[in-house]
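Report on the structure
These are the residues of each chain, in order.
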Protein chains: 2
Amino acid sequence: MVMRIGRLPKQKRLLELANEIEQNPFITDEQLTKKFNVSIQTIRLDRMELGIPELRERIKLMAEKSYDQVRSLQIDEVIGEVVDLQLDKSGISIFEMNEEHVFSKTKIARGHHIFSQANSLAIAVIDDEVALTASADIRFIRSVKLGEKCIAKAYVRKDSLNHEKANVDVFTYVGNELVFEGNFVIFRSELKI
Amino acid sequence: MVMRIGRLPKQKRLLELANEIEQNPFITDEQLTKKFNVSIQTIRLDRMELGIPELRERIKLMAEKSYDQVRSLQIDEVIGEVVDLQLDKSGISIFEMNEEHVFSKTKIARGHHIFSQANSLAIAVIDDEVALTASADIRFIRSVKLGEKCIAKAYVRKDSLNHEKANVDVFTYVGNELVFEGNFVIFRSELKI
DNA sequence: ACTACTTTTAGTATCAGGTAATAATTTGGT
DNA sequence: ACCAAATTATTACCTGATACTAAAAGTAGT
């Protein structure tokens, strides 16, 4: 039970190592040897055991992830995945609530993400060069939780068409439960060249 | 003017090289030698001249950038920077519209970003464990353009306090021009342990 | 054609931050 | 004291570079 000074038992070290790397993914094995006061081989065996890749791999994975995110944001300018779209008529989009969309305490989705999905779908269904939200009347009917898939359905009001403004009603569901509804007034410019 | 087959003049190569790396930041110098049919030293001299760092540096910069973004999103759970906050009374936040917040065609801000700033400020001024948006009535008064700073001011309606719901009015300005106004109804749970 | 100059290529030494594999040593427990 | 697990040491090798020196090739100008 002597144990060299400043050392942790293996299981504890494994936990703290995983933690440390999560906190600071840019740390090298060598810096870790100093933190834990063990040899570099031990650190490497530990990483192996925990399935944690080397520094360069970690960094690369992060970069690839963020690169993909940026790309996909540029590709579809809509929040959520549009699965159906009939211009000037209706549209459907799906959006799943991940960790980054919820309050960390309660795991309940922030309202503006649900709004964003509905708002960008309302814009998407309007077949115009420039379409902007003029106003909106919205209700959050029940809270959406982490992991839930929101299905937003937008309908363009017939009687509102061919004008400077269009009315779009959006209903968002989780399963068959209504969680959000909103009426959006969309400005449309007749800039169709 | 003979020039070996499949070669570009230097200036053109420099432009295309910069372009290629921007399109695919994960490309190595060696892969580039094949694309441009020149030696690896030439590629490296070119990168030098263009001030483009090596693959590993590029990847690291991307990872650091995304890491900082994630961190800052976790640190302040509010969209925009809160510059003043009097709980249950009022609050002010500032949010600048960058490239990622505007439509690429028109450079006009997407409505949901302006909403997000207002919504998260409305939540922040409510001094409660759990506060959620129940409904909102909003108007976009004029469009916000790339680079403009939005100053959102939130006021909690006095008569709405001490209830299950609170009413928060938010006015967003660019300079002294009103660009957005909204009335938010916020659910508050009395879960004050 | 000869010179001056730029561009390109080659080659060597060195680096960080590892992997992989094998062997030796230390430690803890009984 | 003995055994197995844990740790450390050692060596060879890898990728994707930098830094530097030197030589070769191409490009004009006169």
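Our subject is the structure listed above.
What comes next concerns the included structure. All of these numbers come straight from a predicted model, not from anything done at the bench. Sequence order as written defines residue numbering, which begins from 1 separately in each chain. Chains carry letters from A onward and ligands carry numbers from 1 onward, assigned in written order. Whole-chain, interface and lining totals are the exception, using all residues; otherwise, since this is a predicted model, local features are given only for residues with pLDDT of at least 70 and side-chain atom pairs are given and counted only at 80 or more. Working from all heavy atoms in the structure, the side-chain values ignore hydrogens and water.

Between chain A and chain B, the residue contacts involve 43 residues of the former and 43 residues of the latter. We call two N or O atoms a polar contact when they sit within 3.5 Å, provided that within protein one can donate a hydrogen and the other can accept it, with sequence-adjacent residues counted only if both atoms are side-chain atoms. Where chain A packs against chain B, one counts six residue pairs in polar contact (both at pLDDT 80 or more). Elements supplying a minimum of two residues to the side of chain A that touches chain B: α1 (10-23), α4 (55-75), α5 (111-125) and β3 (131-140) of chain A. Comment: elements are numbered from the N terminus, with helices defined as DSSP H or I runs of at least four residues and strands as E runs of at least two. Broken down by element, the side of chain A that touches chain B gets its largest block of residues, 10 residues, from β3 of chain A. Charged residues are taken to be Asp, Glu, Lys and Arg, nonpolar residues to be Ala, Val, Leu, Ile, Met, Phe, Trp, Tyr, Cys and Pro, and polar residues to be all remaining types, Gly included. Grouping the constituent residues of the side of chain A that touches chain B by class yields 19 nonpolar, 13 polar and 11 charged. In short, DSSP must find at least two bridges between two strands for them to pair. The pairing of β3 of chain A with strand β3 (residues 131-140) of chain B spans five bridges and is antiparallel. Each residue of the ladder has a partner; that of Asp 137 of chain A, found in β3 of chain B, is Asp 137 of chain B. We call two residues in contact whenever any of their non-hydrogen atoms come within 4.5 Å of each other.

On to the packing of aromatic side chains, then. Two aromatic rings are characterised by how far apart their centres lie and by the angle between their planes. To pair, rings of Phe, Tyr and Trp, with the six-membered ring standing in for Trp, must have centres within 6.5 Å; the planes then decide the type, stacked if under 30 degrees apart, edge-to-face if over 60, and tilted in the middle. Throughout the structure, instances matching the rule amount to seven aromatic pairs over all chains. Placement of a charge over a ring requires the Lys NZ or Arg CZ to be within 6 Å of the ring centre, with the centre-to-atom vector within 35 degrees of the ring normal. Taking the ring centre of Phe 103 of chain A as reference, the NZ or CZ of Arg 110 of chain A above it sits at 4.5 Å.

The next thing to look at is helix α3 (residues 40-50) of chain B. Residues and elements named next belong to chain B. Among all positions in α3, only Ile 43, Asp 46 and Arg 47 are buried. Seen along its axis, α3 keeps its buried residues to an arc of 100 degrees; they face one direction. Opposite its buried face, α3 presents the exposed residues Gln 41, Leu 45 and Met 48, each directed more than 90 degrees away. A positive backbone phi angle near 70 degrees is found at Gly 51, which sits one or two residues after α3. Accessible area is worked out with a 1.4 Å probe on protein chains only. A residue is then buried under 20% of its type maximum, exposed over 50%, and partly exposed in between. When we speak of the arc, we mean the arc of directions from the helix axis to the C-beta atoms.

At an RMSD of 0.7 Å, chain A and chain B line up after a rotation of 180 degrees and a shift of 0.1 Å along the axis. Taken together, these values place the two copies in the relation of a two-fold axis. An overlap of 100% is found between the interface residues of chain A and their copies at the interface of chain B, pointing to a shared contact surface. In this comparison the copies share one frame, found by least squares on the C-alpha atoms of residues holding pLDDT of at least 70 in both.

What follows deals with α5 of chain A. One less than the residue count of a helix, multiplied by 1.5 Å, gives the span that helix is expected to have. Taking 1.5 Å as the rise per residue, α5 of chain A with 15 residues should run 21 Å; its terminal C-alpha atoms sit 22 Å apart, in good agreement. When you tally the buried positions in α5 of chain A, you get 15 out of 15 residues, the bulk of the element.

Residues and elements named next belong to chain A. Note on definitions: salt bridges are taken to be side-chain nitrogens of Lys or Arg within 4 Å of carboxyl oxygens of Asp or Glu. Within the structure shown, the criterion is met by 24 salt bridges over all chains. In this structure, the salt-bridge partner of Glu 148 is Arg 142, at a minimum N-O distance of 3.2 Å. One connected set of salt bridges, linked through shared partners, spans Asp 29, Arg 44 and Arg 47.

What follows covers the sheet that holds strand β2 (residues 90-96) of chain B. Strand pairing in a sheet is mediated by backbone hydrogen bonds. Such pairs are either parallel or antiparallel. Spatially, β1(A)-β2(A)-β4(A)-β5(A)-β6(A)-β3(A)-β3(B)-β6(B)-β5(B)-β4(B)-β2(B)-β1(B) is the arrangement adopted by the 12 strands of the open sheet, whose pairing is antiparallel. Every interior strand has two partners, whereas the edge strands, β1 (81-86) of chain A together with β1 (81-86) of chain B, have only one. Put simply, the sheet's adjacent strands are angled 20 degrees from each other on average, direction ignored. In this analysis, axes come from line fits to C-alpha atoms, helices being fitted only over the stretch in contact, and the angle between any two N-to-C directions falls in the range 0 to 180 degrees. Helix-sheet contacts for helix α5 (residues 111-125) of chain B involve β3 of chain A together with β1, β2, β3, β4 (149-156), β5 (165-174) and β6 (177-188) of chain B, and the interaxial angle to β2 of chain B is about 150 degrees.

In this section: the side chain of His 112 of chain B. Counting through the fold element by element, His 112 of chain B comes out in helix α5. The residues contacting His 112 of chain B, other than those within four sequence positions of it, are Ile 79, Phe 115, Ser 116, Asn 119 and Ser 120 of chain A.

Time to look at unusual backbone geometry. One non-glycine residue, Asp 88 of chain A, adopts positive backbone phi at about 65 degrees. Mapped onto the elements, Asp 88 of chain A comes out in the loop between β1 and β2 (90-96). The backbone phi angle of Lys 107 of chain B is positive, close to 60 degrees, even though this residue is not glycine. Residue placement: Lys 107 of chain B occurs in the loop between β2 and α5.

Residue and element names in this part refer to chain A. In terms of burial, β3 is largely enclosed, as eight of its 10 residues are buried. Judged from the nine bridges that link them, β3 and strand β6 (residues 177-188) form a sheet pairing that is antiparallel. Looking at the pairing, Thr 133 lines up with Ile 186 of β6.

This brings us to the packing of helix α1 (residues 10-23) of chain B against α3 of chain B. Residue and element names in this part refer to chain B. It is the contact of α1 with α3, at a shortest axis distance of 10 Å, that shows an interaxial angle of 80 degrees. When the interaxial angle is binned, α1 and α3 end up roughly perpendicular. Residue-level inspection shows Lys 10, Arg 13, Leu 14, Leu 17, Ala 18 and Ile 21 of α1 in contact with α3, the latter providing Thr 42, Ile 43, Asp 46, Arg 47, Glu 49 and Leu 50. Grouping the amino acids of the contact of α1 with α3 by side-chain chemistry returns six nonpolar, one polar and five charged. Working rule for angles: under 35 degrees goes down as roughly parallel, over 145 as roughly antiparallel, 65 to 115 as roughly perpendicular, anything else as oblique.

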